[in-house]
Amino acid sequence: MAQTNLQLTTEEVKRSFFRNLANVQGKFPALASTFDYYMALSYTVRDMLMARWVGTASEYTEKHSRTVAYLSAEFLMGPHLALNLLNLGVTDVVRKAMLELGLNLDELLLEEPEPGLGNGGLGRLAACFLDSMAAMEIPSIGYGIRYEFGIFEQVIIDGWQVEKTDKWLLKGNPWEIVRPEWAVDIKFGGYTERLEKENGEFSVRWVPGWQVKGIPYDTPILGYKNNTANTLRLWQSVAPESFNFGRFNEGDYYGAVEEKVASENLTKVLYPNDGPLQGKQLRLQQQYFFVSCSLQDMLRIMKVQRVGLEHFHEKFAVQLNDTHPAIAIAELMRLLLDEHEVPWDIAWHVTQNTFGYTNHTLLPEALECWPVDLFQNLLPRLMEIIYEINDRFLERVRPQCLYDTEQVARLSLIGEWGGRQVRMANLACVGSHAINGVAALHTELLKSDVLADFYRFWPEKFSNKTNGVTPRRWLALCNPRLSRLISDAIGDERWIGDLSQLKRLEDKADDSNFLEIWHDAKRLNKHDFALKLYERTMVGVDPDSIFDVQVKRIHEYKRQHLNILYIIALYQRLKSDPHFDYHPRTFIFAGKAAPGYHLAKLIIKLINSVAHVVNRDPATKDFLKVVFLPNFNVSNGQLIYPAADLSEQISTAGKEASGTGNMKFAMNGALTIGTLDGANIEIREEVGEENFFLFGNTAEQVQRLKDSGYTPRDYYQNDIILREAVDLIRSGFFSHGDVGLFRDLTDNLLFSDPFMVFADFNAYYACQVEVDLAYRDRMRWNRMSLLNTARSGKFSADRTIAEYCRDIWKVEPVSIHMPPLDTFKLR
Ligand code: 26Q
């Protein structure tokens, strides 16, 4: 459906802008700050999209459309204003209107605080999926948590990461609408009791120890140049009554307020770990809170549309973004059994047919488990239901396992290892009709390893859905220069809605004039980025050097330390051999470490310490620069990907489920140096092995090395380049003589090296030599770069969403027709 045209004039934009400045911000122009202008413009854009939003809701309701509910503890949306302008197709007219007012649109865009309600890949994937579902007119709603404080802001002090609170809501949020009329109550604690009904059957009543209220805040999610505006619905917790009058009247003012404070703590802050460090009570409270709010909301919608609850799975396809919302399986059972008197077998049929489960991890230690005691105390009724699900499941499974008790124990929803635990991945597998991994290798490893017991039972439940990223934000919006070039080269902009169209760029692969223009676009992006880097780090870099970039969360398995060891080796080579012929390189790092992850924080310190030394060394500073850009987030990503020449995707094979940054780089014409891990494998298949720098042990080889007793010391002893690099760190060269500073890191590598940094070092070094050679053949490099973009179409999230719709959700697009608002009938 083509979008209802917004034939706006700059005059109309300006009028609306001034009206909002006065009516919403309550400011006259002379008193207004740049932030006020940003707000006025945001409300102006909001006014443009409201009719679509209301029209979309109306049409879905009228048509009883089958709807995807995407449940995720994280949505890493990034700034809204620029994307909404793009989706509405009004960027140019708005830019012009602002210019006529003497305002620069790009400066206003910088005023938007980023909604950082996620840690990394998983949260960003949820945001890309919402974008693609709206672009493809799929009825959908994202459900999550409205954290008051999102992912911390990272500042670097003396080379160390320091965390600052992210106060994204402080100055108001123009993109959300609160819906207090749809608030729901959530129970915690207490006990359950059995009541005999008139017909002799039993029902269960959960008498809670305490309750909180969940209030929904809605944010519109626009489709690209269509009339669709879907919803992201985030829940905030508040106290059930704003005041405890009993206590207040007794004079216990603080006691009265305490309850309110406790309730509101629930959605205060996002957990900044991207793996469960320990089972924290508040985290389980958050998970249950948003899941129960969301399911109750879906039941309310069912009621509005007068659909019987036995049809729940026909109305909603609910996707679980990892196990964080997996408690939804027990909660839907509870709501159907206890609150709507649906019999067990029907409730279970509905539940199993409702849920799909996406797994995002291969690290066994990252699978979520909750101590039974904690679970029992917080959610007594859900614990009972989980026991019942487990009993019925194990009963069915036991004969099929030929009474192999070990296999039965592995399948159980309750683990007995190191204290009794509720295993959320097992619950998710049992309660869903579909289970998927996020890249081909990942799904194979799930089937053969992490979830092998479930695969043996239900092979038909498993499928692969290789991740994708939205080409709107990650190409059209963040890289206007390349986007214009692409559209000019292939003659139209259809690629923005159908990324496979990029294939048509291949016609230009041998056109040396075009390749020069391609190079210029990248060169200018690098130039722009170099200015930002200088502003933020005071390190000047040369846009003609190779921009070699590793940006992602800091993790041992992602191996930023492999990269830094190579940099140290390169530095030593440059020092010892003044005639060493090497194209200058700028190594750029960015990424946050979990606040409690000691080694990750030490890796950041090491990067900054190496940078401090090499950037100042007159013998190398023209050939080698190292920069750590603080506070990696969506906005910074939008600056970095378009400016990258080389994308570092160097995780230990078999550890990175997919990766999605790898896709953003390739789309923007960076070449990848990478292992055969996650989606790297599929990127290499698509772009061609001659256009990808491959190195390192395969997942199989890694496993075999482990099994045969891996000894990192041997590599250290046999590889002089590696040894000298490690020894330079140990000597205190990067730490003002302090030989202890990096010892935890170097000892970890020398005596354990769980992610096989040493085993891959030599191959990585050799591969970087290949990169250098390739870059110095300018035409060859530009051709490879162009082919990476041209062949990245598979990695559009639109392709991924189409596969989920076809194989898991069975949903169809619904076009929005937008009758004029004044033709709606009142009830
Ligand atoms: C769990 C329990 C308690 C506290 C925190 C968590 C938690 C939070 C976030 C556990 C995991 C995460 C995030 C995981 C994540 O981002 N995984 C990444 O998902 C991407 C999208 O599929 C993949 O591309 C990456 O490979 C994968 O690492």
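A few points on the structure. Since this is a predicted model, take the numbers as computed values, not measurements. (Residues numbered from 1 in each chain as written. Predicted model: local features only at pLDDT ≥ 70, side-chain atom pairs only at ≥ 80, totals over all residues. Heavy atoms only, no water.)

1. What about the environment of Ala476?
Line of reasoning, step 1. One can find Ala476 in helix H19 (residues 471-477).
Line of reasoning, step 2. Given a relative accessible area of 12%, Ala476 falls into the buried group.
Line of reasoning, step 3. In the structure, Ala476 is positioned 192 residues away from Asn668 in sequence and 9.9 Å away in space, judged by C-alpha atoms.
Line of reasoning, step 4. With residues near it in sequence (within four places) discarded, Ala476 still touches Leu86, Pro471, Ser483, Trp495 and Ile496. (Helix = DSSP H or I, 4+ residues; strand = E, 2+ residues; numbered from the N terminus. Buried < 20%, exposed > 50% of the residue type's maximum accessible area, 1.4 Å probe, protein only. Contact = heavy atoms within 4.5 Å.)

2. So, the sheet that holds strand S14 (residues 414-415)
Line of reasoning, step 1. With antiparallel pairing, the 3 strands of this open sheet are ordered in space as S13-S15-S14. Each end of this open sheet is capped by a strand with a single partner; those strands are strand S13 (369-371) and S14.
Line of reasoning, step 2. Bridge count between S13 and strand S15 (residues 421-423): 3 bridges; the pairing is antiparallel. Bridging across to S15, Trp370 finds its partner in Val422. (Pairing = 2+ DSSP bridges.)

3. Section: the site of the ligand
Line of reasoning, step 1. Contacts to the ligand come from 20 residues, most closely from Leu122, His360, Asn467, Glu656 and Gly659.
Line of reasoning, step 2. In the environment of the ligand, an oxygen atom lies 2.8 Å from a nitrogen or oxygen atom belonging to the side chain of Asn467.
Line of reasoning, step 3. The contact in question runs from an oxygen atom of the ligand to an N or O atom on the backbone of Gly659, over 2.8 Å.
Line of reasoning, step 4. Coverage of the ligand by the protein chains reaches 93% of its 610 Å² of free accessible surface.
Line of reasoning, step 5. For the shell around the ligand, the element with the highest residue contribution is helix H6 (residues 121-135), accounting for 3 residues. (Near = heavy atom within 4 Å. Polar contact = N/O pair within 3.5 Å; in protein donor to acceptor, adjacent residues only side chain to side chain. Areas by Shrake-Rupley, 256 points an atom, 1.4 Å probe, with all protein chains shown as cover.)

4. Observations concerning helix H33 (residues 797-809)
Line of reasoning, step 1. Over its 13 residues, H33 extends only 16 Å from the first C-alpha to the last, a length that falls short of the 18 Å expected when each residue adds 1.5 Å.
Line of reasoning, step 2. Among the residues of H33, Ala797, Asp798, Arg799, Thr800, Ile801, Tyr804, Cys805, Ile808 and Trp809 are the ones counted as buried.
Line of reasoning, step 3. One side-chain oxygen at the N-terminal end of H33 lies 3.0 Å from the backbone nitrogen of Asp798; it belongs to Ser796.
Line of reasoning, step 4. Looking at the residues trailing H33, positive phi occurs at Lys810, about 50 degrees. (Expected span 1.5 Å × (residues − 1).)

5. Some details on unusual backbone geometry
Line of reasoning, step 1. Its identity is not glycine, yet Arg559 carries a phi of approximately 60 degrees, on the positive side.
Line of reasoning, step 2. With respect to the element layout, Arg559 can be found in the loop between strand S18 (546-551) and helix H22 (560-576).
Line of reasoning, step 3. Positive phi, close to 45 degrees, is recorded for Asp753, a residue that is not glycine.

6. Quick notes on the packing of H22 against helix H29 (residues 720-730)
Line of reasoning, step 1. Two elements in contact, H22 and H29, have axes separated by 9 Å at closest approach and are oriented at 100 degrees. It follows that H22 is roughly perpendicular to H29 by the angle criterion. Across from Leu565, Ile568, Ala569, Tyr571 and Gln572 in H22, the residues of H29 making contact are Ile721, Leu722, Glu724, Ala725, Val726, Leu728 and Ile729.
Line of reasoning, step 2. Tallied by class, residues from the contact of H22 with H29 come to 10 nonpolar, 1 polar and 1 charged. (Axes fitted to C-alpha atoms, helices over the stretch in contact; angles between N-to-C directions. Parallel < 35°, antiparallel > 145°, perpendicular 65-115°, else oblique. Nonpolar A, V, L, I, M, F, W, Y, C, P; charged D, E, K, R; others polar.)

Nothing here speaks to function; it is all geometry.
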